[in-house]
Amino acid sequence: MTKQEQVKAIFIEEAGEIIEKLDIDIIRFEENSCDFNLLNEIFRGVHTLKGNANAFGFTRLGEFVHHFEDVLDHYRSTQDSIEEHNLELFVGSVDVIKEVMTCELDVIDQLPESYAECLEKIKTLLSLKKGKGVVVVEASDNAPLLNDLASEFGLDCYDQYESLVEKSIQVHQAIQTEGFNLYKIDLTLDNDCYKRGFDYTLFLKNLAEKANSMESFFNMQNVPTFDTFRSDENSITQVSVVVLTPLSLEDVEEFFEYLFDNEYRVTFIAPQVVAEVTVAAKAEVVTKAEVVANTQPTKAVATAVKESDASNGATQKSTIRIDTFKLDELFDSVGELVIAQNFIAQNEKIRSIEDESINRAIETLSKITKRIQDRVMSLRMVAIKDTFDKMKRVIRDTSKKTGKEVQLIVQGEETEIDKTMIDSLSDPLIHIIRNAIDHGLEADAAERVRAGKNVEGKITLKAFHKSGSIVISVSDDGRGINKDKVLSKAIERGVISGDENLTDSQIFGLIMQPGFSTADTISDLSGRGVGLDVVKTSIEKLRGKIEIDSKEGEGTTFSMVLPLTLAIIDGMLVRTSEEIYIIPTLSVVESFRPEQEIVHIVKGKGEFVSLRGQYIPIIRLSDVFTLETQRIEPWEGILVCVETDAGRIAIMVDELIGRQQVVIKTLGKSLAKLKEISGGAILGNGDIALILNIDALRPLIEATHV
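Predicted, not measured: the structure shown is a model, and the values here were computed from it.

### Section: the overall build of the chain
Looking only at helices and strands, the chain has 23 helices and 22 strands in total. The 706 residues of the chain split such that 41% are buried. At a minimum sequence separation of 6, the contacts of the chain that also span at least 24 residues come to 71%. Surface summary for the chain: the accessible area is close to 38,800 Å², and the carbon and sulfur share equals 51%.

Shown next as structure tokens:
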């Protein structure tokens, strides 16, 4: 990869992060349109995106965000209240930015249909806000449509130019601290300065590197129209710069030593004599200064703001961007370290040595290894807050599309989860939330009122830890699931035969079967029989499971139970015929040695155990994996009751070894074809244990018992 390609890859990654943040911030701003600090955040994101997009030739994206930036700049400068329909335009503009970015990356010539319409609305809004009529420019078929520089950057009059410079001086005097000097630099440049090899923007860039704060103003009154514009002649003959820097007057003048004496003048501005103020008052002055600086309508070419060294040392945090592939490699290495440490700790020869120093060293090694493992795991853990913030947009759009008023309640957004799992959670959450609003909540406000509920429906997003797992739930206060309707529909479709003794949870779980739907009407959001089966598949890939709890007339809760990380699993170690297997603890209900009288053999269907009124099929691991072992009766062994998608089964094993966290290892291509096995793990004594795929064992019962 060339340097150019590397830089472009960084831009694409950063642009994705900016757009993702814009999507979140614009919804927050829609909820509180008086928060101009948030508007400034949105403006900065759009401004950064504009510069980067143009730099890499994404001109269509650059043009759109350029005009969007102008509108945002107007509102943040004037702090005018934003009308509701304009807020809708802002949200739609972020959608267009996302779509255009996709077109640019995929080199698609066809722009989104909403691009031209949204861009025209932005231009019209800007013209109205500036008190100008909408200017229609007619261009010939062969001539490109270009903006006039004078109208794009120009000031209305020279007095306004001088006023802004004076205001900037006052602002910088207010924030001036000891050790920093304030200067006003006036550049009066000839129109041949380019021909002499001088670009004054380079002077400003070099000066900015030594400045604490710098603001520049360009008098654009003499910029000619495009027809008479010449790129080799300088048309901006007057530039004023206000700079706060620790440099002396002589040092500042050195930056312009290659210009003629009549082309520049550096003026020292004396500090403002003010009474001593409190820290709070100083903070207020800085805040006001930022607001004043943001009100300028010019485009400052060179602006640099640097924090003082003392301030940086006290508050600034240092971060570094690391490729997740490197983190994965580090995590794998730590996994190997844990295995090696367990091997040492459980080695019989080492344990037989009765030496206190050796035992102390092994114990210390164990503590250090555990600490390293926890630290490395924390590197991959991120708060689920950003994912929940993204869902606000989904709820907003679905609410408007269905015409239902929805209130979002978020709980536990600081709960941390593995980064690799976060990336895979968005789609399942979107499906569940859309289903909750479109299918879960009542059809209209009148139906909710008749049910004695508020007109506004409630959707609750919640994340919390439970028994070593992460639970992410989506709850609604809607109509709930009609259990009888689900059951009859499942029998009608042949999903179940009708003679099964299913629990409420198992009945609710039937709605996640492919093609299953109880919706009376079909919409583009739910009711097509797709969506929830996608959720089930996605969560299973993360080695999690979905639990559904519903009360008719009160609401429904979908809970996604996930492991803390994809690299480590908490499992129950069992032994069958000298082979060790691992059953994921998340699936285990209980383990027991059955009494003889509760074990039954049904002709043609195999062995069953009666557990609290429910007949649970028994599956022998020795039969599944064709192990040579002496066949014993179920009451002579141990049964591990586990929960699968199709109901509970009892796995018969010879011995329970214990519960342990193990590092998952992928299997080779030959073993990967075994659906009954989801992976492997190396135990502390060096033995290899296979991790069972519980859901794949249930179909084996019917196959072996027929």
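### Examining the pattern of salt bridges
All chains considered together, the criterion is met by 37 salt bridges. Arg76 is paired through a salt bridge with Asp73; the nearest N and O atoms lie 3.0 Å apart. Separated by 3 residues within a single helix, Arg76 and Asp73 lie in helix H3 (residues 59-78), roughly one turn from each other. Overall, the relative accessible area of 15% leaves Asp73 in the buried class. Glu643 is the salt-bridge partner of Arg648, the closest N and O atoms lying 2.9 Å from each other. One network of salt bridges, in which partners are shared, links Asp23, Glu30, Glu88, Asp95, Lys98, Arg393, Arg396, Asp397 and Lys400.

### Remarks on the packing of aromatic side chains
The final tally for this structure, using the stated rule, is 5 aromatic pairs. Between Phe64 and Tyr115, the ring centres sit 5.6 Å apart and the planes meet at 40 degrees, which makes this aromatic pair tilted. Placement of Phe64 in helix H3 and of Tyr115 in helix H5 (residues 113-129) is noted, with a sequence separation of 51 residues between them. A relative accessible area of 1% means that Phe64 is categorised as buried. Directly above the ring of Phe43 sits Arg76, whose terminal nitrogen or CZ lies 3.6 Å from the centroid.

### Observations regarding the sheet that holds strand S4 (residues 264-269)
Pairing in this open sheet of 4 strands is antiparallel, and the strands run S2-S3-S1-S4 from one edge to the other. The outermost strands of the open sheet, each flanked by one partner alone, are strand S2 (213-218) and S4. For this sheet the average axis-to-axis angle between neighbouring strands, irrespective of direction, equals 15 degrees. By the bridge criterion, 6 bridges tie S2 to strand S3 (residues 238-245) in an arrangement that is antiparallel. Opposite Ser213, over in S3, you have Leu244 as the bridge partner.

### A few points about a negative patch on the surface
The grouping of Glu250, Asp251, Glu254 and Glu257 at the surface amounts to a negative patch. Relative to the helices and strands, Glu254 is located in helix H9 (residues 249-254).

### Concerning the pairing of strand S19 (residues 647-653)
The side chains of a regular strand alternate between both faces of the sheet. Counting buried positions along S19 gives 6 out of 7 residues, so the element sits mostly inside the fold. Of the strand pairs in this sheet, strand S17 (residues 614-620) and S19 are connected by 3 bridges, and their pairing is parallel. Within S19, the position partnered with Ile619 by the bridge is Ile651. In terms of strand pairing, strand S18 (residues 638-644) meets S19 through 7 bridges, oriented antiparallel. The partner of Cys641 across the bridge, within S19, is Ala650.

### Section: the sheet that holds strand S21 (residues 677-682)
Strand order across the open sheet formed by 5 strands is S20-S12-S13-S22-S21, with mixed pairing between neighbours. Two strands bound the open sheet, and with one partner strand each, they are strand S20 (655-663) and S21. Ignoring which end each strand starts from, the neighbouring axes of this sheet average 35 degrees apart. Across 8 bridges, strand S12 (residues 568-576) lies against S20 in antiparallel orientation. Of the residues in S20, the one forming a bridge with Arg575 is Glu655.

### Some points on the confidence of the model for the chain
Across the chain, the average pLDDT comes to 78, with 81% of residues at or above 70. The secondary structure element of the chain with the lowest average pLDDT is helix H10 (residues 279-294), at 37, and the one with the highest is strand S6 (residues 406-411), at 91. Low confidence marks residues 274-316, where pLDDT is under 50. Its contacts with residues over four positions away, or in another chain, come to 50 contacts.

### Let's talk about the environment of Val624
Within the secondary structure, Val624 sits in helix H21 (residues 621-624). Using a relative accessible area of 21% as the deciding quantity, one classes Val624 as partly exposed. Separated by 73 residues in the primary sequence, Val624 and Leu697 have C-alpha atoms spaced 8.3 Å apart.

### Quick notes on the nonpolar core
Side chains of nonpolar character tend, in soluble globular proteins, to be buried together. Counting residues in each nonpolar core, the largest one holds 41 residues, and the members touching the most others are Leu425 and Ile472. In terms of residue count, the dominant contributor to this core is helix H16 (residues 419-440) (9 residues). Those residues in contact with Ile472 that lie beyond four places of it in its chain are Ile384, Phe388, Ile417, Leu425, Leu429, Lys462, Ala463, Phe558, Ser559, Met560 and Leu562. Listed in part, the 40 residues of the second largest apolar core include Leu38, Phe43, Phe64 and Ile97.

### Topic: the packing of helix H12 (residues 324-346) against helix H14 (residues 356-379)
Two numbers describe a pair of packed helices, the interaxial angle and the distance between the axes. Closest axis-to-axis distance for the H12/H14 pair is 10 Å, and the angle between their directions is 160 degrees. Between H12 and H14, the angle falls in the class roughly antiparallel. Remark: the crossing between H12 and H14 carries left-handed chirality. Along its contact with H12, which presents Leu327, Leu330, Phe331, Val334, Leu337, Val338, Gln341, Ile344 and Ala345, the element H14 presents Ile362, Leu365, Ser366, Thr369, Ile372, Gln373, Val376, Met377 and Leu379. Classifying every residue of the contact of H12 with H14 by side-chain character gives 14 nonpolar, 4 polar and no charged.

### What about the side chain of Ser399?
Mapped onto the secondary structure, Ser399 falls in helix H15 (residues 385-402). A relative accessible area of 14% means that Ser399 is categorised as buried. Those residues in contact with Ser399, other than ones at most four positions away along the chain, are Lys404, Glu405 and Val406.

### Quick word on H5
An ideal rise of 1.5 Å per residue puts 24 Å on 17 residues; H5 measures up with 26 Å between its terminal C-alpha atoms. The elements touched by buried residues of H5 are H3 and helix H4 (84-105).

### Points about the environment of His465
With respect to the helices, strands and loops of the structure, His465 is situated in strand S8 (residues 457-466). The exposure class assigned to His465 is exposed, which follows from its relative accessible area of 51%. Expressed as a C-alpha distance, the spacing of His465 and Glu416, which sit 49 residues apart in the sequence, is 9.3 Å. Apart from the residues lying within four places of it in its own chain, the contact partners of His465 are Thr415, Glu416, Ile470 and Leu564.

Calculation notes
- Residues numbered from 1 in each chain as written.
- Predicted model: local features only at pLDDT ≥ 70, side-chain atom pairs only at ≥ 80, totals over all residues.
- Heavy atoms only, no water.
- Helix = DSSP H or I, 4+ residues; strand = E, 2+ residues; numbered from the N terminus.
- Buried < 20%, exposed > 50% of the residue type's maximum accessible area, 1.4 Å probe, protein only.
- Contact = heavy atoms within 4.5 Å.
- Areas by Shrake-Rupley, 256 points an atom, 1.4 Å probe, with all protein chains shown as cover.
- Salt bridge = Lys/Arg side-chain N within 4 Å of Asp/Glu carboxyl O.
- Phe/Tyr/Trp six-rings, centres within 6.5 Å; stacked < 30°, edge-to-face > 60°.
- Lys NZ or Arg CZ within 6 Å of the ring centre and 35° of its normal.
- Pairing = 2+ DSSP bridges.
- Axes fitted to C-alpha atoms, helices over the stretch in contact; angles between N-to-C directions.
- Patch = residues over 30% accessible without salt bridge, like charges linked within 9 Å, V, L, I, M, F, W, Y side chains within 5 Å.
- Lys, Arg positive; Asp, Glu negative; His and termini not counted.
- Charge placed at Lys NZ, Arg CZ, Asp CG, Glu CD.
- pLDDT = per-residue confidence, 0-100.
- Core = buried A, V, L, I, M, F, W, Y, C linked by side-chain atoms within 4.5 Å.
- Parallel < 35°, antiparallel > 145°, perpendicular 65-115°, else oblique.
- Left-handed = near helix turned anticlockwise from the far one by under 90°.
- Nonpolar A, V, L, I, M, F, W, Y, C, P; charged D, E, K, R; others polar.
- Expected span 1.5 Å × (residues − 1).

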